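The chain contents come next:
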Amino acid sequence: MKKILVTGGLGFIGSHTVVELQNEGFDVVIIDDLSNSSVDVLEGITSITGKIPLFEKLDLKEKSSVESFFQNHKDIVGVIHFAASKAVGESVEKPLDYYENNLNTLIYILKEVLNLNASNFIFSSSCTVYGQAEKMPITETAPIQAAESPYGNTKQIGEEIIRDTCNVKSELNAIALRYFNPIGAHPSAKIGELPIGVPQNLVPYITQTAAGLRACLSVFGNDYPTPDGTCIRDYIHVVDLAKAHVIALKRLVENKNASNFETFNIGTGVGSSVLEVINSFEKASGQSLNYKIAPRREGDVISAYAHTEKANTILGWKAQSSLDDAMQSAWDWEKHIRNI
Ligand code: UFG
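Only a predicted model underlies this, so the values are computations on that prediction, with no experimental measurement involved.

Draft legend 1. Just unusual backbone geometry, in detail. The omega torsion of the bond from M136 to P137 falls at -15°, within 30 degrees of zero and hence cis. One non-glycine residue, L34, lies in the positive phi region at around 60°. Mapped onto the elements of the fold, L34 is located in the loop between β2 (27-32) and α2 (41-49). Here A189, not a glycine, exhibits a phi torsion of approximately 60°, which is positive. Accessibility expressed as a relative area gives 10% for A189, which makes it buried.

Take a look at the structure:
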């Protein structure tokens, strides 16, 4: 069986990807420092797939620990690197922590990946690299804009670190997946998103409000130049996103990549407004949501949704789930963890 390392494999996107990898017959080893995840996620994964993934609690900032991990796992044929800090606001407060945590760790891992017999690497990138793009939908060739936050900058610099390394190391094969807005949970409701503290993202805020943990959702601005005045995003079901990782990994393992560094947008291609997301949630849950219109949030782009042709035709991946499916699964998960 082919052994795949998933860093951050107990996190939101990582755990769903571990499930899809195991479903496809890969042997998975997870590294996670548990800074924003729980070891209980292992149980959820195991109860879905019937297979227990290997797990090592490891801080990727400790270079020597990373080196010894790879010494013990020389048979890894691919690495999917999720482990990173991801709170935009926190990154503004703690830029050095973000650069250290997201970039040093990337460098340590890449050095080890280069020593493997099969140097296949998938990187979690983000649509944030496009900023407010001029044209919708956004293609992969849209200009990269100055980052709005240290978090966003770590994704841009991360891609540059990989691209520069690919330029001189032909044995390295890498794909950066630029995610749009991942939402939802596994349909079994055994794994899902576990935000610590007050959620910063729309969908967990909605489900926590409906579950009674938050009093009211603030819709950040209804005076944007969009059909209903609220911002537009491309919300992608996390299971579809997880499947994109497996397909990208297979592309590398089977030497089907067109060049040794590729980028793909991973989105649905459909833009939804904040009010449309609320409406979809109300349909899924059969209850009305308590929300109010609030001022705009600083740093929000008006609209971002993906041009998906490159992912559809070259990668051979297409999102299957609708916004309603994703909202239903997010609500099922919230009910599961709150015992509702
Ligand atoms: N929103 C609200 N109320 C909330 C939370 C969000 O109205 O309580 C709105 C936002 O203003 C935005 C939309 O819902 O219009 C989506 O907001 P999210 O915070 O869920 O997602 P973002 O598009 O802001 O964030 C995404 C990724 C980040 C990335 C960021 C950069 O989740 O990882 O894009 O643009 F950094």
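Continuing now.
Draft legend 2. Main features of the nonpolar core. I4, L21, I45, I122, L177, I266 and W317 are the most contacted members of the largest nonpolar core, which totals 37 residues. Looking at this core element by element, the count peaks at eight residues for helix α8 (residues 238-253). Apart from the residues within four sequence positions on either side, I4 is in contact with L21, F26, D27, V28, V29, V77, G78, I80 and L249. Listed in part, the 27 residues of the second largest apolar core include V79, L172, A174 and F261.

Draft legend 3. Representation of the pattern of salt bridges within the structure. Counting across every chain of the model gives 15 salt bridges. One salt bridge in this structure joins R163 and E159, with 3.9 Å as the shortest N-O distance. Residue R163 and its partner E159 are both found in helix α6 (residues 150-168); the two are separated by four residues, about one turn of the helix. For R163, a relative accessible area of 32% translates into the label partly exposed. The class of E159 is buried, set by a relative accessible area of 3%. Between E159 and R178 there is a salt bridge, and its shortest N-O distance comes to 2.7 Å. With E159 in helix α6 and R178 in strand β6 (residues 172-179), the pair connects residues that are 19 residues apart, well separated along the chain. Here E159 matches R178 in class, with each residue buried. Through salt bridges with shared partners, a single ionic network connects E159, R163 and R178.

Draft legend 4. Structural context of the site of the ligand. Around the ligand lies a shell of 17 residues, among which L202, S218, R233, R297 and D300 are the nearest. N181 places a side-chain nitrogen or oxygen 2.9 Å from an oxygen atom of the ligand. In the environment of the ligand, a nitrogen atom lies 2.7 Å from a nitrogen or oxygen atom belonging to the backbone of S218. Protein chains bury 88% of the 680 Å² of accessible surface belonging to the ligand in isolation. Here the element with the most residues in the shell around the ligand is strand β8 (residues 217-220); it accounts for four residues. Residue contributions to the shell around the ligand reach at least three from each of two domains, namely domain 1 (3-183 + 235-266) and domain 2 (202-233 + 269-305 + 320-338).

Draft legend 5. Summary view of the packing of aromatic side chains. Counted under the stated rule, the structure contains three aromatic pairs. Centroid distance F69 to F70: 5.5 Å. Interplanar angle 85°. Geometry classified as edge-to-face. Comparing F69 with F70 shows no difference in burial state: the two are buried. Seen in terms of ring centroids, F281 and W331 are 5.3 Å apart; in terms of plane orientation they differ by 85°. Their pairing is edge-to-face. Residue F281 is located in helix α9 (residues 274-285), and its partner W331 is located in helix α11 (residues 323-338); the two are separated by 50 residues in the primary sequence. An identical accessibility class is assigned to F281 and W331; each is buried. The lysine or arginine in question, R296, covers the ring of Y224, its NZ or CZ lying 3.9 Å from the ring centre.

Definitions and limits used
Residues numbered from 1 in each chain as written. Predicted model: local features only at pLDDT ≥ 70, side-chain atom pairs only at ≥ 80, totals over all residues. Heavy atoms only, no water. Helix = DSSP H or I, 4+ residues; strand = E, 2+ residues; numbered from the N terminus. Buried < 20%, exposed > 50% of the residue type's maximum accessible area, 1.4 Å probe, protein only. Core = buried A, V, L, I, M, F, W, Y, C linked by side-chain atoms within 4.5 Å. Contact = heavy atoms within 4.5 Å. Salt bridge = Lys/Arg side-chain N within 4 Å of Asp/Glu carboxyl O. Near = heavy atom within 4 Å. Polar contact = N/O pair within 3.5 Å; in protein donor to acceptor, adjacent residues only side chain to side chain. Areas by Shrake-Rupley, 256 points an atom, 1.4 Å probe, with all protein chains shown as cover. Domains from an automatic or database assignment. Phe/Tyr/Trp six-rings, centres within 6.5 Å; stacked < 30°, edge-to-face > 60°. Lys NZ or Arg CZ within 6 Å of the ring centre and 35° of its normal.

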